[in-house]
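Secondary and tertiary structure notes
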Amino acid sequence: MTEEERKLKKWKEEIEKREGPAERLERAILIGFETAKRNRENKKRGFLKRGLWSTAIAAILILTFITSIRVSPAFANAVSAIPGFSGLVDMIQDNKGIQMAIENEHYQIIGTTGETVRVKVTLEGIITDESSMIAFSTFEYNTKQHPYQYIKGYRILDTNGKEIANDHSFSTSWNPKNDLLLTSTTEIKFDGPVPTEEMILEYQFADDIRDDQVIETIQIPFKVDLKPVKREQYAVNRTVVVDGQKIHIHSITIGPIKTAVEVEYDAENTKKIFGFEDLRIVDEKGEVWSSIINGVAASGTDNPDINIFYLQSNFFRETEHLNLQFNKLMAMDKDEAFIIVDTDKKEIVIQPQDGRFSNLKVNGKNIDIEMKGMKGYYHDPFSALYDAEGKELSMKSGSFYMRGDDEIHIGIELSNKKFTNPLRFPLHAYPSYIKGNVQIKIK
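These remarks concern the structure in this document. Predicted, not measured: the structure shown is a model, and the values here were computed from it.

1. Concerning the overall build of the protein chain
Counting its regular elements, the protein chain contains six helices and 26 strands. When burial is assessed residue by residue, the protein chain has 53% of its 443 residues classed as buried. Excluding contacts between residues fewer than 6 apart, the proportion of contacts in the protein chain whose partners are at least 24 apart in sequence is 66%. Roughly 20,600 Å² of accessible area belongs to the protein chain as shown, and the carbon and sulfur atoms make up 45% of that amount.

Below, the structure written as structure tokens:
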């Protein structure tokens, strides 16, 4: 057993002794990324410009340290040969695709460091596919203030300082023994092929997790040397029906970083489908590649009925047969998929028949509302809001947290712009489901 494997085994034993139910961790991660994803999607529309990355980062940071380390011997052996990577293991422990990329040496060591008076950052390495990249970084702070209050975001620049990709997401984890040490993964999507010229990864820091003001940056230059890989593309073009709702599976693309499934919900459906609960790919041996937990699980397109769902990648696994399977989708009747709130009267005017929303409180521009969820539901129900004239409203900040299995608290701070009551909130998610038994042959 190598020294790195001994460390991993020791960490695993220590973490398993901690009191920290896996359900709490999964809930925190899902809440964090649901919020982060909503922020990224809506920032293009000027919605939720502040606060949601804060919620996402905090939710993940609070509980990431209790994860048990689950890695294969092959992965542990591969990691042992990579300088600086041991601290990043927990970030990818639930992503078999990334683990297999590392096992198959599709990982480029960078190891370049930049620092300010308060923090030292090391870009440890990268993984790429045709048009995206994951960067792995470690942070070492020299202040006793909590480090997650400072990391704000990232930018990818050319050597002239021009931003060349603005579609990115990131997750952060702190060391359970030393809260001055952090690890981070950043996924960056380019409009075309990953550039082979020198680039700069810029790390941005703020005084507070709720603050958009960048107070300092660190820039680390690097160049991609990984051998280009060609993603596997499958034209599926199948339509399935679940509980009377038509779902069109257009294509599946498998790359080193993730698998993308392009799905369209039929415009004539009577229900609004929010997403899949158990979308997965299964090979001839029964091995399963499910949705990405610690990262972006879905993205929208210009067509509101078409979405891309991301699964763990089996790119480096030799398979004879692959099937796409799912059994459960989150969905509800379209004519109930919204709530209407009057902030002047401080009342919920309209909501779905099962009456899950309650305890509306309005204090100036701040709106607080409670929702009764259910075990296994960890989603923020809102993604936009409109006034009585149909004008989309922006918000200064938002909050979302849970107590127990079914008590959800949602907070919204409106901007100072005038609006006309009542307000309409289309539902972005809701604890309502349809079930079926779908299996589609990929190859």
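2. Quick look at the sheet that holds strand E10 (residues 232-242)
Spatially, five strands are ordered E10-E11-E12-E17-E16 in an open sheet, and the strand pairing comes out antiparallel. Whereas interior strands pair on both sides, the edge strands pair on one side only; in this sheet they are E10 and strand E16 (298-300). Here the average twist between neighbouring strands, direction ignored, is 20°. Pairing analysis gives six bridges linking strand E12 (residues 259-265) to strand E17 (residues 306-311), with the strands arranged antiparallel. Bridging across to E17, Glu 264 finds its partner in Ile 306.

3. Comments concerning the pattern of salt bridges
In this structure the tally under the stated criterion is eleven salt bridges. We note a salt bridge from Arg 118 to Glu 216, for which the minimum N-O separation is 3.6 Å. Here the residue Arg 118 occupies a position in the loop between strand E1 (108-115) and strand E2 (119-128), and Glu 216 occupies one in strand E9 (residues 216-222), the gap between them amounting to 98 residues. Classification of Arg 118 as partly exposed rests on a relative accessible area of 21%. Across the pair Asp 278 and Arg 280 runs a salt bridge whose closest N-O atoms are separated by 3.6 Å. Residue class for Asp 278 comes out partly exposed when judged on its relative accessible area of 23%. The class of Arg 280 is buried, set by a relative accessible area of 18%.

4. Brief notes about the side chain of Glu 216
Residue classification places Glu 216 among the buried residues on the basis of a relative accessible area of 18%. Beyond its immediate stretch of four places on either side in the chain, Glu 216 contacts Thr 116, Arg 118, Val 119, Tyr 203, Gln 204 and Phe 205.

5. Looking at the pairing of strand E22 (residues 366-372)
A one-sided burial pattern is seen for E22, the buried positions being Ile 367, Ile 369 and Met 371 and the unburied ones Asn 366, Asp 368, Glu 370 and Lys 372. Both strand E21 (residues 357-363) and E22 contribute to a ladder of five bridges, which runs antiparallel. Residue pairing for E22: Ser 358 is matched across the bridge by Glu 370. Once E21 ends, the chain turns through two residues before running back antiparallel as E22, passing Gly 364 with a positive phi of about 65°. Examined bridge by bridge, E22 and strand E24 (residues 407-414) share seven bridges and lie antiparallel to one another. By the bridge assignment for E24, Asp 368 is matched with Gly 411.

6. What about the pairing of strand E11 (residues 245-254)?
Of all ten residues that make up E11, seven are buried, and the element is covered over most of its length. Bridge analysis of E10 against E11 gives nine bridges, and the strand direction is antiparallel. Considered in E11, the bridge of Tyr 234 is made with Ile 252. In this structure, the hairpin formed by E10 and E11 is closed by a connection of two residues, where Asp 243 is found at a positive phi of approximately 50°. Where E11 and E12 come together, seven bridges link them in antiparallel fashion. Residue pairing for E12: Ile 254 is matched across the bridge by Thr 259. If you look at the hairpin formed by E11 and E12, you'll find four residues sitting between the two strands.

7. Points about the environment of Glu 202
Looking at the element boundaries, Glu 202 is found in strand E8 (residues 199-205). Using a relative accessible area of 5% as the deciding quantity, one classes Glu 202 as buried. With 15 residues separating them in the primary sequence, Glu 202 and Thr 217 have C-alpha atoms 6.5 Å apart. The residues contacting Glu 202, other than those within four sequence positions of it, are Gly 153, Tyr 154, Arg 155, Leu 157, Thr 217, Ile 218 and Gln 219. A polar atom in the side chain of Glu 202 sits 3.2 Å from the side chain of Gln 204.

8. Quick word on the environment of Met 395
With respect to the element layout, Met 395 can be found in strand E23 (residues 395-403). Under the relative-accessibility criterion, Met 395 is labelled buried at 5%.

9. Some remarks on the environment of Tyr 265
Note on placement: Tyr 265 falls in strand E12. For Tyr 265, a relative accessible area of 7% puts it in the buried group. Every residue in contact with Tyr 265, bar those within four places of it in the chain, is listed here: Lys 246, Ile 247, Ile 273, Phe 274, Gly 275, Phe 276, Asp 305, Asn 307 and Phe 309.

10. Describing the nonpolar core
By size, the foremost hydrophobic cluster in this structure holds 31 residues, and its most contacted members are Ile 247, Phe 276, Leu 324 and Phe 326. Among the elements of the structure, E10, E11, E12, strand E13 (271-276), E17, strand E18 (322-333) and strand E26 (433-441) are those that each provide at least two residues to this core. The element that contributes the greatest number of residues to this core is E18, accounting for five residues. Ignoring sequence-local partners within four residues, the contact set of Leu 324 consists of Ile 249, Ile 252, Val 261, Leu 279, Arg 280, Ile 281, Leu 311, Val 438, Gln 439, Ile 440 and Ile 442. Counting residues in hydrophobic clusters, the runner-up holds 29 residues, among them Val 341, Phe 357, Ile 369 and Met 395.

11. What about the packing of aromatic side chains?
For the structure shown, the criterion picks out eleven aromatic pairs. Here the aromatic rings of Phe 139 and Tyr 203 are separated by 5.8 Å at their centres, their planes lie at 85°, and the arrangement is edge-to-face. You can see Phe 139 sitting in strand E3 (residues 132-141) and its partner Tyr 203 sitting in strand E8, a full 64 residues away along the chain. When the ring of Phe 139 is compared with that of Phe 205, the centres are 6.3 Å apart and the planes differ by 75°; the resulting orientation is edge-to-face.

The rules behind these values
Residues numbered from 1 in each chain as written. Predicted model: local features only at pLDDT ≥ 70, side-chain atom pairs only at ≥ 80, totals over all residues. Heavy atoms only, no water. Helix = DSSP H or I, 4+ residues; strand = E, 2+ residues; numbered from the N terminus. Buried < 20%, exposed > 50% of the residue type's maximum accessible area, 1.4 Å probe, protein only. Contact = heavy atoms within 4.5 Å. Areas by Shrake-Rupley, 256 points an atom, 1.4 Å probe, with all protein chains shown as cover. Pairing = 2+ DSSP bridges. Axes fitted to C-alpha atoms, helices over the stretch in contact; angles between N-to-C directions. Salt bridge = Lys/Arg side-chain N within 4 Å of Asp/Glu carboxyl O. Polar contact = N/O pair within 3.5 Å; in protein donor to acceptor, adjacent residues only side chain to side chain. Core = buried A, V, L, I, M, F, W, Y, C linked by side-chain atoms within 4.5 Å. Phe/Tyr/Trp six-rings, centres within 6.5 Å; stacked < 30°, edge-to-face > 60°.

Geometric descriptors of this kind do not, in isolation, establish any biological role.
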